[in-house]
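# Topology and contacts: notes
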Amino acid sequence: MTKGRLAQHERNTITHRPAPVAAVDWRRRLLPLLCTALLAVPLLSPAATTAPSAPLPAIIAQIDAGHFQAADAAITRALASSDLSADQREALSFQRERMRRLRLDFSLDASQVQARVRKQIPDLTAAEFDRWNREGLFEHLSIDGHTYYFNRSPGNLFRISAEARARRAVQAPFDDGPNEILNDHHRTVLREALASGRTGVDPHRVEVTQTLTVEADAVPAGETVRAWIPYPRAIAGQQEDIRLVESSPIGARVAPESALQRTAYLEKKAVAGQPTVFAITYDVTVLAQYHAIDPAKVTAETITPALAPYVAERPPHIVFTDDLRAFSRKVVGDEKDPYRIAQKLFAAVDQIPWAGAREYSTISNISDYTLHAGHGDCGEQTLLLMTLLRLNGIPTRWQSGWIFSDGRYNNIHDWGQLYLPPYGWVPMDVTFGQLQPKPGDNPALRWFYLGGLDAYRIAFNDDYSQPFVPAKTFPRSETVDSQRGEVEWKGGNLYFDQWDYHFAWKRLPLQGRSDN
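Below: a short report on this structure. (Residues numbered from 1 in each chain as written. Predicted model: local features only at pLDDT ≥ 70, side-chain atom pairs only at ≥ 80, totals over all residues. Heavy atoms only, no water.)

## Quick look at the overall build of the chain
From N to C terminus, the chain includes 14 helices and 17 strands. The buried share of the chain, reckoned over its 516 residues, is 55%. (Helix = DSSP H or I, 4+ residues; strand = E, 2+ residues; numbered from the N terminus. Buried < 20%, exposed > 50% of the residue type's maximum accessible area, 1.4 Å probe, protein only.)

Structure, rendered in structure tokens:
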């Protein structure tokens, strides 16, 4: 299993990042630090469940607690009110859609989970499975009294449990990205940055083609299909000289640079019996980054009006909960130096094992969810770290896009940035985490991804949950990130089970395009 947002073999399905995971089972090490009441929201009072127009937070809590029938009834009652605004009606209707998406992500029963685990542990015993199940190693959700397991929980078991990994009949390595392990690219980037004094080095010119294919007859023939394909923004020292080469159909409308989740917009008529295909091709120069941070020079931030949004809570996914405050105190202790605080929190989140994630649109608070789950994918880990840093007065912001390599590996991925005076905004990728320098290496390589980035990624997004240009009419399939694309027609949004996507790239000469 690979460590991007989606596994290589799951990349085009709805079910969908590193030093190797240590032998210590960090899930068990982290959970004692927290309240153990994950995923289950306290049962609502009868008044909350029977009020004629139950407020949205109560309905969200009902869904999180697995009370789908009660939530559906509450949505029906609320929608019957004539006092609701259009936005309120859309928010309520989306909670019904969220339940549908949860059922897609949580579709396995216990026997199906056991059968999948036995493919890697043929001699798995019922007692062993039951113990792992009691320990919460298989993510599940109780929906109206019936237990359903997350589609990726059988594979995630081997990510989050050292004991289970050791029981595999074949000890094959995980299919992680090559830049998650210290290599010559990291060494080159650090060496060039130190020698030149520049923070953007080792440029690569690449040509990228992104394709979005809607299934045949997903939309009635003759109807217009609207598609948004992610497109990079120009970021000095990170990605530059972006040029749209072509699109299919022609006439792609590229959102302005100001769009923090930038896209190329296309329209096409559906044809009976045929898939509807959209594609864009563009060139971009991507650079690695390395900021040689001297901890002695880092000062406490003066929070200006421009920085204030980046230290603030931002519900629903960045909220300073009591559990997050407790976790922060446990990790940070009496440390006051901003860079040392960042190192401590980076290291702590780095220890949370990566695991494949359910769709973000189904999670009501991603940072809180990740803390309590004791595992998370790249976006979940990033939002958790962003929240913890903000809680300590350190500004943070989001980036995400696509990562690739000189080999066959490519995947969608999330990371972030933090603000450290006098260096300003510097990158962080907690999923790639701390690297492991070898004898003779510069020790600073350990913290490469706290202040640096490789040159094998393209950022589409400089924030999360931002509007598209042109605006989307219906709620998005991915309400947080934007890496796969979005599709709709006048009849509504098309979810991930109705279309496919593809990313392809090739290296170009830094001057001009290749002929192949």
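## What about the packing of helix α13 (residues 366–373) against helix α14 (residues 378–391)?
Contact geometry of α13 with α14 gives a least axis separation of 8 Å together with a crossing angle of 105°. With respect to each other, α13 and α14 are oriented roughly perpendicular. In this structure, α13 contributes I366, S367, Y369, T370 and L371 to the contact, and α14 contributes E380, Q381, L383, L384 and T387. Among the residues making up the contact of α13 with α14, the classes are represented as five nonpolar, four polar and one charged. (Axes fitted to C-alpha atoms, helices over the stretch in contact; angles between N-to-C directions. Parallel < 35°, antiparallel > 145°, perpendicular 65-115°, else oblique. Contact = heavy atoms within 4.5 Å. Nonpolar A, V, L, I, M, F, W, Y, C, P; charged D, E, K, R; others polar.)

## Some details on the sheet that holds strand β10 (residues 396–404)
The strand order across the open sheet formed by four strands is β12-β11-β10-β14, and the pairing between neighbours is antiparallel. Of all the strands in the sheet, the pair left with one neighbour each is β12 (424–428) and β14 (457–461). The mean angle between the axes of side-by-side strands here comes to 35°, regardless of whether they run parallel or antiparallel. Strands in contact with α14 are β10, β11 (410–420) and β12; relative to β10, the strand with the most contacts, it is inclined by about 160°. (Pairing = 2+ DSSP bridges.)

## Structural notes on helix α6 (residues 110–118)
Side chains three or four residues apart in an α-helix point the same way, a direct result of the helix having 3.6 residues per turn. Residues V113, Q114 and V117 constitute the buried set of α6. All buried residues of α6 lie within an arc of 100° about the axis, which places them on one face of the element. Close packing links the buried residues of α6 with β1 (106–108), α7 (126–134), β3 (146–150) and α8 (153–160). (Arc of directions from axis to C-beta.)

## Structural notes on the sheet that holds strand β7 (residues 253–254)
Reading across the sheet, the five strands line up as β7-β8-β5-β15-β16 and stay open at both edges, with antiparallel pairing between neighbours. Where the open sheet ends on each side, the last strands, each with one partner, are β7 and β16 (492–494). Strand direction decides the pairing type here: β7 and strand β8 (residues 263–269), joined by two bridges, are antiparallel. For V254, the partnering residue across the bridge sits in β8 and is A264.

## Some details on the pairing of strand β15 (residues 486–489)
Covered by surrounding structure in β15 are E486 and E488 together with V487 and W489, the residues of both alternating faces. As paired strands, β15 and β16 are joined by three bridges and run antiparallel to one another. Across the sheet, residue W489 finds its bridge partner in β16, namely G492. Where β15 folds back on β16, the antiparallel hairpin that results is connected by two residues.

## Regarding the side chain of R390
Tracing the backbone shows R390 in helix α14. Of the buried charged residues, R390 lacks a salt bridge, with D463 as the closest side chain of opposite charge at 6.2 Å. For R390, the side chain forms a polar contact with the main-chain oxygen of A312, separated by 2.9 Å. Setting aside chain neighbours within four positions, we find R390 in contact with P309, Y310, V311, A312, R314, I318, F320, T396 and R397. (Lys, Arg positive; Asp, Glu negative; His and termini not counted. Salt bridge = Lys/Arg side-chain N within 4 Å of Asp/Glu carboxyl O. Polar contact = N/O pair within 3.5 Å; in protein donor to acceptor, adjacent residues only side chain to side chain.)

## Section: unusual backbone geometry
Geometrically, the link from P315 to P316 is a cis peptide bond, its omega value of 10° lying close to zero. Mapped onto the elements, P316 comes out in the loop between β9 (276–290) and α11 (322–332). Of the consecutive residues V469 and P470, the connecting peptide bond is found in the cis state with omega at 0°. Within the secondary structure layout, P470 lies in the loop between β14 and β15. You will see that D144, though not glycine, has its phi angle at about 50°, which is positive. For D144, a relative accessible area of 27% gives the class partly exposed. Although it is not a glycine, S465 adopts a positive phi angle of roughly 55°. With respect to the helices and strands, the residue S465 is situated in the loop between β14 and β15. The class of S465 is partly exposed, set by a relative accessible area of 32%.

## Looking at the nonpolar core
Of all hydrophobic cores here, the largest spans 59 residues; its most connected members are L345, L385, L389, L418 and M428. Residues A227, Y282, V487 and W505 belong to the second largest nonpolar core, which totals 34 residues. (Core = buried A, V, L, I, M, F, W, Y, C linked by side-chain atoms within 4.5 Å.)

## Concerning helix α10 (residues 184–196)
Taking 1.5 Å of rise per residue, 13 residues should cover 18 Å, and α10 covers 18 Å from first to last C-alpha, within 8% of that figure. Looking at α10, one finds that the buried residues are H185, H186, R187, T188, V189, L190 and A193. Of the surrounding elements, those touching the buried residues of α10 are β4 (200–214) and β9. The N-cap of α10, judged by a side-chain oxygen 2.8 Å from the amide nitrogen of H185 a few residues on, is N183. G197, located one to two residues past α10, shows a positive phi value of around 80°. (Expected span 1.5 Å × (residues − 1).)

## Let's talk about the packing of helix α3 (residues 56–64) against helix α5 (residues 86–105)
Contact geometry of α3 with α5 gives a least axis separation of 11 Å together with a crossing angle of 5°. Relative to α5, the element α3 lies roughly parallel. Of α5, the residues touching α3 (which contributes L56, I59, I60, I63 and D64) are A91, L92, Q95, R98, M99 and L102. Residues of the contact of α3 with α5, tallied by class, amount to eight nonpolar, one polar and two charged.

## Observations concerning the packing of aromatic side chains
A full pass over the atoms with the stated rule returns 20 aromatic pairs. Relative to F150, the ring of F106 lies with its centre 5.5 Å away and its plane at 40°, an arrangement referred to as tilted. Of this pair, F106 sits in strand β1 while F150 sits in strand β3; the two residues are 44 residues apart in sequence, bridging distant segments of the chain. The two residues F106 and F150 agree in class, both being buried. The structure contains a cluster of three or more aromatic residues connected by ring pairs, namely W402, F404, Y456, Y495, F496, W499, Y501, F503 and W505. (Phe/Tyr/Trp six-rings, centres within 6.5 Å; stacked < 30°, edge-to-face > 60°.)

## Concerning the pairing of β8
As paired elements, strand β5 (residues 224–230) and β8 share seven bridges and run antiparallel to each other. What sits directly across from V225, in β8, is K268.

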